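For reference, the chains in residue letters:
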Amino acid sequence: EQKGYSYYNRHPCNNGDFLVMPNLKKLCDKIISECIETLSMSTAVVSQIKHGTYELVAVKSDCYSFFPGDAFPLSQSSCCQRVISNGNTIGLTELRACPTGCMHPLYAGLPLETYIGTPIYKNDQIWGTLNLSSMLKRPHPFTLEEIRFIEEQAKQISRELSSKHQPQTGATEEPLHN
């Protein structure tokens, strides 16, 4: 375990959606690669948020060693918590100067400088986030085109998660907000 990280667990990703929807993993991996390239960021994550935990479903980073299945406590001041609470995209630059201390659960103790995240939905309920981050300061705010791009990528994942081709197990998921 690396200094500054707070893991709940570390295991191969056993996300049930991946088990019944094998194309979901391929889609998420493709999307995070495209997002990193298009937005010039160093890390991209698809996360599932449940019971106050932020679990990595898909991740790509050129500077950190995170893996699908890693899970972290989700603090109330985190960027991702703000995304799921507000239900919309948040793009932040110069995070170290941010007075609200928007801490990301993956980067406790690390100098995160730039973040953009947007919600992912499953059957009209917030399921998780697609987010990108970097330790580098961004020379300008995110453009409307960049925001629309990440939102469209998240919508692709949402459509796959909510697909009518998904097997019906009879199980129901608890809503994200208690």
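Further up the page is the structure itself.
It should be emphasised that the depicted structure is a prediction, and the values quoted were computed from it without experimental measurement. (Residues numbered from 1 in each chain as written. Predicted model: local features only at pLDDT ≥ 70, side-chain atom pairs only at ≥ 80, totals over all residues. Heavy atoms only, no water.)

Some thoughts on the layout of surface pockets
For step 1, the next point in the chain: Put simply, the second largest pocket is a space of about 160 Å³.
For step 2, the next point in the chain: In this structure, the second largest pocket is lined by 14 residues; those nearest its centre are Leu 39, Ser 40, Met 41, Ser 134 and Arg 138.
For step 3, the next point in the chain: Looking at the lining of the second largest pocket residue by residue, the classes come out as 4 nonpolar, 6 polar and 4 charged. (1 Å grid on protein atoms, 1.4 Å probe; cavity = no way out; pocket = protein on both sides within 12 Å on 5 of 7 lines; lining within 4 Å. Points joined across faces, edges and corners; volume = space filled by probe spheres on them. Nonpolar A, V, L, I, M, F, W, Y, C, P; charged D, E, K, R; others polar.)

Focus on helix α3 (residues 79-86)
For step 1, the next point in the chain: By the burial criterion, the buried members of α3 are Cys 79, Cys 80, Gln 81, Val 83 and Ile 84.
For step 2, the next point in the chain: Packing partners of the buried residues in α3 comprise β1 (43-50), β2 (53-61), β4 (90-92), β5 (114-122) and β6 (125-134).
For step 3, the next point in the chain: Phi turns positive, to about 70°, at Gly 87, one or two residues after α3. (Buried < 20%, exposed > 50% of the residue type's maximum accessible area, 1.4 Å probe, protein only. Helix = DSSP H or I, 4+ residues; strand = E, 2+ residues; numbered from the N terminus. Contact = heavy atoms within 4.5 Å.)

Thoughts on the nonpolar core
For step 1, the next point in the chain: If you look at the biggest cluster of nonpolar residues, it comprises 23 residues, and the most contacted ones within it are Val 46, Ile 116, Ile 120, Leu 130, Leu 132 and Ile 157.
For step 2, the next point in the chain: Mapped onto this core, the elements with two or more residues apiece are α2 (22-39), β1, β2, β5, β6 and α4 (144-161).
For step 3, the next point in the chain: Considering every element that reaches this core, the biggest residue donor is α2, with 8 residues.
For step 4, the next point in the chain: Val 45, Leu 56, Leu 74 and Leu 112 belong to the second largest nonpolar core, which has 19 residues in total. (Core = buried A, V, L, I, M, F, W, Y, C linked by side-chain atoms within 4.5 Å.)

A word on the pattern of salt bridges
For step 1, the next point in the chain: Using the criterion set out here, one finds 4 salt bridges in the structure.
For step 2, the next point in the chain: Salt-bridge contacts for Arg 138 lead to Glu 146; the nearest nitrogen and oxygen are separated by 2.5 Å. With respect to burial, Arg 138 and Glu 146 carry one shared label: buried.
For step 3, the next point in the chain: Residues Glu 152 and Arg 159 are paired through a salt bridge, measuring 3.0 Å at the closest nitrogen-oxygen approach. (Salt bridge = Lys/Arg side-chain N within 4 Å of Asp/Glu carboxyl O.)

Details of the pairing of β5
For step 1, the next point in the chain: Burial analysis of β5 places 8 of its 9 residues in the buried class, the great majority of the element.
For step 2, the next point in the chain: For β4 and β5, the ladder comprises 3 bridges, and the chain directions are antiparallel. Directly across from Ile 90, in β5, lies its bridge partner Gly 117.
For step 3, the next point in the chain: As defined by bridge partners, β5 adjoins β6 across 9 bridges and the pair is classed as antiparallel. If you follow Thr 114 over to β6, its bridge partner there is Ser 134.
For step 4, the next point in the chain: Where β5 folds back on β6, the antiparallel hairpin that results is connected by 2 residues, among which Asn 123 adopts a positive phi of roughly 50°. (Pairing = 2+ DSSP bridges.)

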